Amino acid sequence: MNRDKSIRIGVAGAGLLGRLLAWQLARAGHGVEVFDPALDEKPSFDGRQAAGFTAAGMLSPLAELDTSSPEVATLGWRSIALWRDVVSRLQSPPRFSTDGSLLLAHRSDLGSAQRVLARLAGAPADTPRAEPITLARLAELEPALQGAAHAWLLPQEGQIDPVAALLALHAEAPAVRWHWNQPVRGVEPGALVLDDGSRQRFDLVFDVRGTGSRPDLPVRGVRGETVWLHAPGHGLARPVRLLHPRHRVYLVPRPGDVVLVGASEIESEDRSPVSLRSAVELMAAAHSVMPALAEARIQRLDVNLRPALPDNEPHIESVAGRVRINGLFRHGWLIAPALVEDALRECGLAPQARELIHE
Ligand SMILES: Cc1cc2nc3c(=O)[nH]c(=O)nc-3n(C[C@H](O)[C@H](O)[C@H](O)COP(=O)(O)OP(=O)(O)OC[C@H]3O[C@@H](n4cnc5c(N)ncnc54)[C@H](O)[C@@H]3O)c2cc1C
């Protein structure tokens, strides 16, 4: 494809990938139209919105090695650098930081924590490693955390505020035509087929419908539940994970005195509200390492489905006139910018994307 030529691009899906693509491609001068079943660009927190809105926004290439491949870690480290550039281009930037994250374990859970740390030791060469820290150092870094017996710092891991980022990518791409309440039934090379059967023709189309890409892709949804706690003056600065034999619980500071606690991981496409069991277990685990949360107020319970392919790995499928990106699973925020960069390179548009990011 001629990189100097502006082309017409259709995007099916206005979630994380859809907005990142639209924002980048519109800045590069292409004519971009995005279609999504949502009623508007805002989060609805009803379990049916883009998974991107529900996510904690942890950018954890090292911690994700517990359950994912070194390739995901490599995409993650690349993406953190790319997010820094994207955020610096936004006039209303979301909260973004790379001050590291923490892993904690209670005394009785040291064995399971060591098994997790052994998996983290498979990190790609020349990338940061988990560093054990003393409880005195933990108290210096995060005075609000008390009760854990063991702690590790994961240097340079980061976080981004997903809701603010998705809203900014939409608001700051005014040249894009956003078609809300418009589900796409089929994505053909060079055309999007809408629910009424009409075909919208483009030079290039992207299928980034997440779990909505079925049956074209063998994607499944993996249920995840989160709790938003309002805790004025909580003081937490970094994402924290609690290593536990039964729960993978994390606490993430958010603007507005909020601590987000997540997340269950259930092999189910149930989008119904958060269960009592998940809410109790998540909050009890969070309270066990951050006692000040006892007086927090429960602001929101949220649920969504992570889009996963059978091997739980991300995939880009590119043919003339169509690109599909899917399988971002539990680390979409971690890897989306690098996947977008790779996808644009495959269809000959990468130089423009590079230029706009590194202009
Ligand atoms: C509880 C939870 C916590 C998470 N925490 C993290 C985290 O800390 N860090 C991290 O990196 N990742 C996290 N994730 C994962 C991340 O949110 C996902 O990987 C990411 O959102 C996937 O991006 P996507 O664009 O593929 O899909 P989505 O963000 O789900 O977007 C898909 C879009 O497609 C639209 N769509 C659906 N059907 C159609 C159709 N027929 N036509 C047109 N559009 C359609 C949807 O409305 C939606 O807007 C978490 C996810 C969950 C659920």
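How each quantity is defined
- Residues numbered from 1 in each chain as written.
- Predicted model: local features only at pLDDT ≥ 70, side-chain atom pairs only at ≥ 80, totals over all residues.
- Heavy atoms only, no water.
- Near = heavy atom within 4 Å.
- Polar contact = N/O pair within 3.5 Å; in protein donor to acceptor, adjacent residues only side chain to side chain.
- Areas by Shrake-Rupley, 256 points an atom, 1.4 Å probe, with all protein chains shown as cover.
- Helix = DSSP H or I, 4+ residues; strand = E, 2+ residues; numbered from the N terminus.
- Nonpolar A, V, L, I, M, F, W, Y, C, P; charged D, E, K, R; others polar.
- Axes fitted to C-alpha atoms, helices over the stretch in contact; angles between N-to-C directions.
- Left-handed = near helix turned anticlockwise from the far one by under 90°.
- Contact = heavy atoms within 4.5 Å.
- Expected span 1.5 Å × (residues − 1).
- Bend = angle between axes of the 7 residues up to and from the residue.
- Buried < 20%, exposed > 50% of the residue type's maximum accessible area, 1.4 Å probe, protein only.
- Phe/Tyr/Trp six-rings, centres within 6.5 Å; stacked < 30°, edge-to-face > 60°.
- Core = buried A, V, L, I, M, F, W, Y, C linked by side-chain atoms within 4.5 Å.
- pLDDT = per-residue confidence, 0-100.
- Salt bridge = Lys/Arg side-chain N within 4 Å of Asp/Glu carboxyl O.

1. Observations regarding the site of the ligand
Reasoning step 1: The full set close to the ligand counts 35 residues, and Asp36, Val184, Phe329, Trp333 and Leu334 are the nearest of them.
Reasoning step 2: Backbone polar atom of Gly57 to an oxygen atom of the ligand: 3.1 Å apart, as the coordinates give it.
Reasoning step 3: The separation between an oxygen atom of the ligand and a polar main-chain atom of Phe329 is 2.8 Å.
Reasoning step 4: When the free accessible area of the ligand is taken as 1,000 Å², the share hidden by the protein chains comes to 93%.
Reasoning step 5: Counting only elements with at least two residues in the shell around the ligand, the list comes to helix H1 (16-27), helix H2 (51-54), strand S14 (220-230), strand S18 (297-308) and helix H8 (332-346).
Reasoning step 6: For the shell around the ligand, the residue count by class is 19 nonpolar, 12 polar and four charged.

2. Focus: the packing of H1 against helix H3 (residues 70-89)
Reasoning step 1: Running from N to C, H1 and H3 cross one another at 65°; their axes reach a closest spacing of 13 Å. Judged by the sense of rotation from one axis to the other, the crossing of H1 with H3 is left-handed. The segment H1 lies against H3, with Leu16, Leu20, Trp23, Gln24 and Arg27 engaging Trp83, Val86 and Arg89.

3. Observations regarding H8
Reasoning step 1: Counted at 1.5 Å a residue, the expected span for H8 with its 15 residues is 21 Å, and the 20 Å between its end C-alpha atoms agrees.
Reasoning step 2: Remark: the principal bend of H8, roughly 25°, maps to Ala338.
Reasoning step 3: Across the 15 residues of H8, 13 count as buried, placing the element largely inside the fold.
Reasoning step 4: Backbone geometry just downstream of H8 places Gly348 in the positive-phi region, at approximately 80°.

4. Topic: the packing of aromatic side chains
Reasoning step 1: Counted by the stated rule, this structure contains four aromatic pairs.
Reasoning step 2: Centroid distance Phe45 to Trp228: 5.5 Å. Interplanar angle 75°. Geometry classified as edge-to-face. Within this pair, whereas Phe45 is found in the loop between strand S2 (31-35) and H2, its partner Trp228 is found in strand S14, the two being separated by 183 residues in sequence.
Reasoning step 3: Each ring, one from Trp83 and one from Trp333, has its centre 5.4 Å from the other, and the planes form 25°; the classification is stacked.

5. Things to note about the side chain of Ser60
Reasoning step 1: Within the secondary structure layout, Ser60 lies in the loop between strand S3 (58-59) and H3.
Reasoning step 2: Residues within four places of Ser60 in sequence aside, it is in contact with Glu157, Arg241 and Leu334.

6. Digging into the environment of His287
Reasoning step 1: Topologically, His287 is positioned in helix H7 (residues 276-289).
Reasoning step 2: Separated by 81 residues in the primary sequence, His287 and Phe206 place their C-alpha atoms 43 Å from one another.
Reasoning step 3: With residues near it in sequence (within four places) discarded, His287 still touches Leu293 and Ala294.

7. Quick notes on the nonpolar core
Reasoning step 1: Counting 62 residues, the largest nonpolar core has Trp83, Phe206 and Ile325 as the members making the most contacts within it.
Reasoning step 2: It is H8 that provides the largest number of residues to this core, a total of nine residues.
Reasoning step 3: Beyond its immediate stretch of four places on either side in the chain, Trp83 contacts Leu16, Leu20, Leu59, Phe96, Ile160, Trp333 and Pro337.
Reasoning step 4: In this structure, Leu153, Val227, Ala231 and Leu236 belong to the second largest nonpolar core, which totals 27 residues.

8. Focus on the confidence of the model for the chain
Reasoning step 1: The predicted model of the chain averages 94 in pLDDT, with 96% of residues at 70 or higher.
Reasoning step 2: Across residues 352-359, confidence stays below pLDDT 50; counting only partners more than four residues off in sequence or on other chains, it has 25 contacts.

9. Some thoughts on the pattern of salt bridges
Reasoning step 1: Scanning the model with the defined rule gives 26 salt bridges in all.
Reasoning step 2: Between Arg8 and Glu33 there is a salt bridge, and its shortest N-O distance comes to 3.3 Å. Taken together, the residues span a long stretch of sequence, with Arg8 in strand S1 (residues 8-12) and Glu33 in strand S2 at a distance of 25 residues.
Reasoning step 3: Take Glu33: its relative accessible area is 9%, and that puts it in the buried class.
Reasoning step 4: In this structure, Asp342 and Arg78 form a salt bridge, with 2.8 Å as the shortest nitrogen-oxygen distance. Of this pair, Asp342 sits in helix H8 while Arg78 sits in helix H3, placing them 264 residues apart in sequence.
Reasoning step 5: Judged by relative accessible area, Arg78 falls into the partly exposed class, the value being 30%.
Reasoning step 6: Taken together, the shared-partner salt bridges in this structure form one network comprising Asp207, Arg209, Asp216, Glu317, Arg322 and Arg324.

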